[in-house]
Amino acid sequence: MATRTMVLWCPDWPVRAVTWLEGLPLRAPVALMRAGRVLACSSSARVEGVRRDQRLRDAQSRCPDLVVRDYDPTLDARAFEPVLEAVEDLAPGVQSLRPGTCAVRAQGVSRFHGGEVNAAAVLAERLVSLGVEDCRFGVADGPFAAEQAARRALPQDSLVVPVGGSAEFLADLPVAVLDHPDLVSLLHRLGLRTLGALAGLPARDVLTRFGDDGAWAHRLAGGRDERAVSARKPPPDLVRRVVLEPPLDRAEQVAFSVRQTAEQLVGALADRNLVCTAVRIEVVTDDGRETERTWLHPRWFDTADLVDRVRWQLQVRAGYDGVDGAVSSPVSEVRLVPDEVDTLAHHADGLWGGPPDARVTRALSKVQGMVGHEGVASVVLTGGRSPAERQTLVPWGDDTRSAVVPERSAEMPWPGSLPPPAPATVLTERRPAVVLTAAGHPVTVTGRGALSGDPARFCARGGRDLQPVQAWAGPWPVDERWWDPDHARRYARLQVVGVDGSAWLLIVEEGQWFLEAVYD
Amino acid sequence: MSSTDPPVRVDSFEHLFDHGAMTPPADVSTLERVRSLQERVRQVQGTRPASTPVDTLPALSGLLPGGTLHAGGTYTVSGSSTLAAAMAAGASQAGAWCAVVGVPTFGAEAAAALGVDLARTVVLPDPGESWLPATQALVDVLGVVVLRPPSRVREGEATRLAARLRQRGAALVVLGDWPRPDVRLEVVGGAWVGLGSGHGRLAARRATVRATPRSGRPRELDLWLPGPDQQVSLVSPHAARTGDAAPALAPVREMAS
């Protein structure tokens, strides 16, 4: 027998989460992008003609004042947390199905509030007072039918499918609601357009023809959703906040005030045998603005580390004048939110001393205290065509894996990159250079990738002193992203050795020579 | 030249009792005994040995007194970032942590090819005003620190840092100028091979490196910096005599792919 389930559904949750967390006006047209296409948009944007899977440019042409943000799944989950807590207050045993959708067992809550409709109304009232004005409830046998019911309910209202009526309710729905694109497309081609048609087939035939996925869909369609609602375990409340009254405007003062709270946080974690490896610091200023940043630690945070991170976060904020540590507007509240915790056992020092690099980690954290978080970096080799692209600096303590995004992987072939040896001096910003032929004309590269003349003299150091070329090779042309008119680049590289034995890597782009790296 | 070093030490020791020229004793067991006695004297006196060796690439041993970098030593390198990275490579391979301070143009790929382990390397591209305290904190725990001071270094600052170096056992490689370094290394000549006029590619460099110790005669060595195998190695005497490098070059066709 399927569990009687109540599902709460908040439409367009990713968009809601962004408007909420960023404090955008409720009616603002918002679109969230993933991989250059619209993933979700607000209803006001939809009215203007923005659609899912549209390209950014098309969406902006339909709706010029569109607010565009990158989709961030963690943001969704974080914004949904208060909603889950509010529901948990009234109906214990909440299961979050995904951000924006959660399920509760209907039995207890409906008995307490005198009926399923009443229970949904009470929950809706609570959520609206929280600021979630578009919430819809569905009650049915099993989470699947209940979710479908919620999707067909009106805002702030509920749709109750009577006990045992799930199969009948689902029968008219299109198979597309199964959220399994491959299976749905197959069913469509076989002429099975509604869940009722699928449910009407014998179970054994469905299993032999469509396999396990088909059998699962067949059970859902027949209203035999046996999944139970498993209540989530609320995370322990480890968030610590410091309210500063009166607000402070110096980073040092704020850091000093935070110290005791940071100690409490580390202590509270230790009581649970936990350590914190990532912390989110939220700073609220006097003018109501809120900034936040997540900090990772190569080992785990102790009190001094937490205080350091608070200070750095205040220092890097816009408006910091760097001299006396004043921040742009006084800070009224600081919140420390442990983002990732781990059991102490994974990190504890052994009896014979800490891990070999613990001393190094501590010393580098100390140096970060002097030169700032970004001032100390690890180097990761990445993929790329220019020497500067082939290495990436990652602030010490941050996850070096995050720097190696798939499109920058060193494993990929990089046609146009030069074979070893790699230059020992890699300029972070290329410098203008001059390459002349024997006749004194600037050397250029033709459209077919040939030089206009043999290089005879060049200047790579800056200034006006030209030195004769002893040996050279190239040009090696590179045609980057030719399919993308906005980012396409064409250039060519040249290795040059001067008569003094110095070797240089030059690059020519649009007729202008630059120094890219030095082999010294 | 580590084999020639101990006899010299014994020579001066023996001078206390015997005047005039004498040949170093050939008996190795006596040398060993003297050295172990010296070691015991140091232990009883409670001072650190004057110089703990730091792992160094074998190719560089001919340039450095004692054949290796020494903990607490200061070495200046001019004219070659490759040489500076090579100075750190030996220690890095042996498991020490390295730092590169004040060198925003640090070529990590080249350093990794020489043997620097990037997982145990940190970079402070632009420490600004706090380069000296940052370096002091780094030498506390790291094996080798490569530093390019952003401004002229005063004698007092150098002395204080040197004291800290000796205490903690790190080696400092300075790109640029430094007051009274232990060894001054400079590339005085060299040529790249593999590049023609309009063909080939840079493959390897032969460089003449001159090392000037604080006391003693300068030495000069021909090194591959880097060699055709991306490593630092000695130029073999044969190649040095004929002047014909001729490392195995990849065919030009490879460049086109």
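What counts, and at which threshold
Residues numbered from 1 in each chain as written. Chains lettered and ligands numbered in written order. Predicted model: local features only at pLDDT ≥ 70, side-chain atom pairs only at ≥ 80, totals over all residues. Heavy atoms only, no water. Axes fitted to C-alpha atoms, helices over the stretch in contact; angles between N-to-C directions. Helix = DSSP H or I, 4+ residues; strand = E, 2+ residues; numbered from the N terminus. Parallel < 35°, antiparallel > 145°, perpendicular 65-115°, else oblique. Contact = heavy atoms within 4.5 Å. Nonpolar A, V, L, I, M, F, W, Y, C, P; charged D, E, K, R; others polar. pLDDT = per-residue confidence, 0-100. Buried < 20%, exposed > 50% of the residue type's maximum accessible area, 1.4 Å probe, protein only. Left-handed = near helix turned anticlockwise from the far one by under 90°. Pairing = 2+ DSSP bridges.

### Thoughts on the packing of helix α5 (residues 106–113) of chain A against helix α6 (residues 116–130) of chain A
Residues and elements named next belong to chain A. The contact between α5 and α6 brings their axes to 7 Å, and the two run at 90 degrees. The orientation of α5 with respect to α6, classified from their angle, is roughly perpendicular. Taking contact as the criterion, the partners of Ala106, Val109, Ser110 and His113 in α5 are, on α6, Glu116, Asn118, Ala119 and Val122. Among the residues making up the contact of α5 with α6, the classes are represented as 4 nonpolar, 3 polar and 1 charged.

### Topic: the confidence of the model for chain B
Of the residues in chain B, 77% reach a pLDDT of 70 or more, and the chain-wide mean stands at 80. Predicted confidence for residues 240–257 of chain B stays below pLDDT 50, and this span has 20 contacts to residues more than four positions away or in other chains.

### Details of helix α1 (residues 13–22) of chain A
Residues and elements named next belong to chain A. For α1, a buried count of 7 out of 10 residues is recorded, marking the element as mostly surrounded by other parts of the structure. Taken together, the buried positions of α1 are occupied by Trp13, Pro14, Val15, Arg16, Ala17, Val18 and Thr19. Looking one or two places after α1, you find Gly23, whose phi comes out positive at around 70 degrees.

### Notes on the packing of helix α4 (residues 73–90) of chain A against α6(A)
Residue and element names in this part refer to chain A. Following both chains from N to C, one finds α4 and α6 inclined at 145 degrees, their axes separated by 10 Å at the closest point. Between α4 and α6 lies a crossing whose hand is right-handed. On α6, the residues touching Pro82, Val83, Ala86, Val87, Asp89 and Leu90 of α4 are Val122, Leu123, Arg126, Leu127 and Leu130. Looking at side-chain class alone, the contact of α4 with α6 contains 9 nonpolar, no polar and 2 charged residues.

### A look at the pairing of strand β10 (residues 274–285) of chain A
Residue and element names in this part refer to chain A. Burial of β10 is extensive: 12 of the 12 residues sit out of reach of the surface. The pairing of β10 with strand β11 (residues 290–296) spans 7 bridges and is antiparallel. Within β11, the position partnered with Val279 by the bridge is Trp295. Adjacent in sequence and paired antiparallel, β10 and β11 are bridged by 4 residues, among which Gly288 carries a positive phi angle near 85 degrees.

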